[in-house]
Amino acid sequence: MRGMSEPRPISPEAAFSLATPYREVTCGELRAGDAGREIRIAGWVHRRRDYGGLIFIDLRDRYGLTQIVVNRAEAPASAAVADKVRNEFVLEIRGKVAPRLAGTVNTRLETGEIEVQAKSVEILSEAQTPPFYINEPDAPVEESLRLKYRYLDIRRKPLLDRLLLRSELVRAIRDAHHKAGFVEIETPILLKSTPEGARDFIVPSRLQPGTVYALPQSPQQLKQLLMVAGMDRYFQIARCFRDEDLRGDRQPEFTQLDLEMSFVTEERVMDFVEAMIVEVSRTVVPDRPIQQLPFPRIDYHDAIERFGSDKPDLRFGMELVDLAPALGEGSTGFRVFDEVVAAGGRIKAIAAPGMAESSRSQIDELVEFVRGRGAKGLAHVSVAADGTAHSPIAKFLGQERIEAVVREAAAKPGDLILIVADANHEVVADVLGRLRQELGLRLGLADPDVLAYCWVFHFPMYQWDQEKTRWDATHNPFSGVLPEDEKLLVTVSGDPYAPSRLDPAGRARAMQYDVALNGWELGGGSVRIHKRELLERSFALQGYSLEKMHELFGGILEAFDYGAPPHGGIAMGIDRWAALFSQQTNIREVMAFPKTQSGTDLMLEAPSQPEQEQYADLGLRFVGIPSQQTGDH
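Conventions we followed
- Residues numbered from 1 in each chain as written.
- Predicted model: local features only at pLDDT ≥ 70, side-chain atom pairs only at ≥ 80, totals over all residues.
- Heavy atoms only, no water.
- Axes fitted to C-alpha atoms, helices over the stretch in contact; angles between N-to-C directions.
- Helix = DSSP H or I, 4+ residues; strand = E, 2+ residues; numbered from the N terminus.
- Parallel < 35°, antiparallel > 145°, perpendicular 65-115°, else oblique.
- Left-handed = near helix turned anticlockwise from the far one by under 90°.
- Contact = heavy atoms within 4.5 Å.
- Nonpolar A, V, L, I, M, F, W, Y, C, P; charged D, E, K, R; others polar.
- Patch = residues over 30% accessible without salt bridge, like charges linked within 9 Å, V, L, I, M, F, W, Y side chains within 5 Å.
- Areas by Shrake-Rupley, 256 points an atom, 1.4 Å probe, with all protein chains shown as cover.
- Salt bridge = Lys/Arg side-chain N within 4 Å of Asp/Glu carboxyl O.
- Buried < 20%, exposed > 50% of the residue type's maximum accessible area, 1.4 Å probe, protein only.
- Pairing = 2+ DSSP bridges.
- Phe/Tyr/Trp six-rings, centres within 6.5 Å; stacked < 30°, edge-to-face > 60°.
- Polar contact = N/O pair within 3.5 Å; in protein donor to acceptor, adjacent residues only side chain to side chain.
- pLDDT = per-residue confidence, 0-100.

Chemist: Let's hear about the packing of helix α5 (residues 157-179) against helix α7 (residues 266-284): which residues, and what values?
Modeler: Taken N-terminus to C-terminus, the directions of α5 and α7 make an angle of 140°; their axes are 9 Å apart at the nearest point. Taken together, α5 and α7 sit at an angle that is classed as oblique. The way α5 lies across α7 gives a crossing that is right-handed. Counting all contacts with α5, which are made through Leu165, Glu168, Leu169, Ala172, Ile173, Ala176, His177 and Lys179, the residues of α7 involved are Phe272, Met276, Glu279, Val280, Thr283 and Val284. For the contact of α5 with α7, the residue count by class is 9 nonpolar, 2 polar and 3 charged.

Right under this line is the structure:
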């Protein structure tokens, strides 16, 4: 056993090196120039091959893989130990580095020119047979099994490489911010519950029975308070928590880059963030081209009109087209279209390249796709190779209108025009936007290597909540309003605490901006309201009484009385950024220990029932979940 020895001086270089009492080199370190060197090395058995007189062991750690050779004739004691070795045993090897024989060099390995001729083999730890192959990274493994044995999954190269990339991403982010004068500050995890768009995770307090903390959905108020405190530039790699339904780009706990800047405008924040993104991208994934510099900046309404999304994928075209000019005024002869027009709705289309020869079953699948997302149906027009147009609705519209639709959609021979009509403008945009994204990926129109960043800005300040009869902030309740729209933050009744759907506030635009990457929202932020009176007016439109807003947001309201600078910032998803950099479609693939879609940790079996003593310490007891049918417990 290796225990404490007498204290002795050690150089900083040695203290910071990867050498330990068990190894002098890592499994990815040795090269041809090390031939003849006596070394000590340790790691996991990646693969073992017994050829009688020689036993070959591929030894692995996170740095790489080194071939070990045990010669029965020259090292019989080592061979006796090696006979017991199986995959994933942990070994310490002492031996001599030697060049591989001609014809046996492995060009796929960085250590492929050498091998270590073992003089001693020591088993540090034995291993059971793993539930899946660790040395076959491309072998399919059910995700639930990978999550249950995540510590084994991390040994496999694909996940290991993604976690290393994520580490490089975070380091590059920190380097860029420190260079730009930002101060890294950690904010508390136990906070007060305030409405920020999702359900809070709450933590009961033992010291103050009957009260709870909330885990932060974001450090929103705290970073603004740091600006009031004069920190000027803050950033944090922040852990955040949201109790919401999960999907590929969501987890109950996640990590974001959180930053805030003082004395800034929208453009100044966006300029810094864009420069930081470019520097980080070129550092972490230098081989992946950025599609356009500077990033395209698209007004929110323009983004919805053209792409049906506020996070458009710009790696391909297929933009949405309004068919009103092609259909003309008056009756079209097609009842569905006429009813939509009479209701003030929209009729829009996309032209899918090369899909004109789609079969009936393929068209039916697209119909089901749009219906599952809220559309009532899907019309289509096929443009044949000779340029002629064919459609089941041609008998209603007439060939002249069908040809006008083809021209308006800028469809080419071989294209399939897909049309959605609905009285609700949002349904048309959302459904076609989702269909565009789906077909763009399905048809291979999006280059997987390209990084297509873009900005979407000037979001609506509010959206009307019919059920609660109030205006809800589209992003967060602290977002600032464009100066020219500040006059709109009033009610038609004249009473700021009596909002109505007819209020001018519905036309106000926020100083909000999102940065999107390849069809995902990468981050969102805004220049904030920094004046108490304006913030109280905005809270009133959002349905808060003066008493309630002081109860929920009293700390920041009071802070604004002591001089708050104009300030703004952004939050960017580290998990999403890492997933996009490593070409994954689920952020679980770049997280060391993620939860399942139902929020379960299969490895540690969480969540779990607490001990009764834990309930008692908090003055709690579990009474059950109210029945949805009867309301009983």
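Chemist: Talk me through a nonpolar patch on the surface; I want residue IDs and the actual numbers.
Modeler: Among the surface-exposed residues, Ile189, Leu190 and Tyr213 lie close enough to one another that they form a single nonpolar patch of about 250 Å² accessible area. Turning to its location among the elements, Ile189 is positioned in the loop between β6 (183-184) and β7 (202-204). In this structure Ile189 comes out as partly exposed when scored by relative accessible area, which is 36%.

Chemist: I'd love a proper account of the sheet that holds strand β5 (residues 114-125), names of residues and values included.
Modeler: The strand order around the closed barrel formed by 5 strands is β1-β2-β3-β5-β4, and the pairing between neighbours is mixed. Sheet twist, expressed as the mean angle between neighbouring strand axes with direction ignored, is 55°. The sheet contact formed by strand β4 (residues 90-99) and β5 spans 10 bridges and is antiparallel. Along β5, the bridge assignment pairs Val97 with Val116.

Chemist: Which residues make up the packing of aromatic side chains, and what are the values?
Modeler: This model, assessed by the stated rule, comprises 16 aromatic pairs. Ring centres 6.1 Å apart and planes at 80° place the aromatic pair Trp455 and Tyr513 in the edge-to-face group. One end of the pair, Trp455, is in strand β17 (residues 453-457); the other, Tyr513, is in strand β20 (residues 512-517), with 58 residues separating them in the sequence. When sorted by exposure, Trp455 lands in the same class as Tyr513, which is buried. Geometrically, the ring pair formed by Phe478 and Phe539 is edge-to-face, given 5.9 Å between the ring centres and 80° between the ring planes. With Phe478 in the loop between β19 (470-473) and β20 and Phe539 in helix α15 (residues 532-541), this residue pair connects regions lying 61 residues apart in the sequence.

Chemist: Could you give an account of the pattern of salt bridges, naming the residues involved and the relevant values?
Modeler: Under the counting rule described, the total for this entry stands at 53 salt bridges. For Arg250, the salt bridge identified is with Glu244, shortest N-O distance 3.8 Å. The exposure class assigned to Arg250 is partly exposed, which follows from its relative accessible area of 25%. You can call Glu244 partly exposed: its relative accessible area is 22%. As a salt-bridge pair, Glu365 and Arg442 come within 3.3 Å of each other at their nearest N and O atoms. Of this pair, Glu365 sits in helix α11 (residues 360-371) while Arg442 is found in helix α14 (residues 425-442), placing the two residues 77 residues apart along the sequence.

Chemist: Tell me what's going on with the pairing of β5, and back it up with residues and numbers.
Modeler: Along any regular strand the residues' side chains alternate between the sheet's two faces. Pairing analysis gives 2 bridges linking strand β3 (residues 64-71) to β5, with the strands arranged parallel. Bridged to Val69 within β5 is Gln117.

Chemist: Can you explain the side chain of Asp472? Please cite residues and give values.
Modeler: As for its placement among the helices and strands, Asp472 is situated in strand β19. A distance of 2.8 Å separates the side chain of Asp472 from the side chain of Arg470, its partner in a polar contact. Discounting residues that sit within four places of it in the chain, Asp472 has contacts with Met461, Tyr462, Gln463 and Asp465.

Chemist: Outline the environment of Glu533, listing residues and values.
Modeler: In this structure, Glu533 sits in helix α15. Each C-alpha atom, one on Glu533 and one on Phe560, is 9.4 Å from the other, the two residues being 27 residues apart in sequence.

Chemist: Could you give an account of the confidence of the model for the chain, naming the residues involved and the relevant values?
Modeler: On average, residues of the chain carry a pLDDT of 95, and 97% of them reach 70 or more. Ignoring residues within four places in sequence, the model shows residues 629-633, a span with pLDDT below 50, making 8 contacts including any to other chains.

Chemist: Summarise helix α6 (residues 220-228); cite the residues concerned and give the values.
Modeler: Within α6, the full set of buried residues consists of Gln220, Gln221, Lys223, Gln224, Leu226 and Met227. Among the structural elements, β9 (233-241), β10 (253-262), α16 (546-560) and β22 (567-573) are those in contact with the buried residues of α6. Looking one or two places after α6, you find Gly230, whose phi comes out positive at around 90°.

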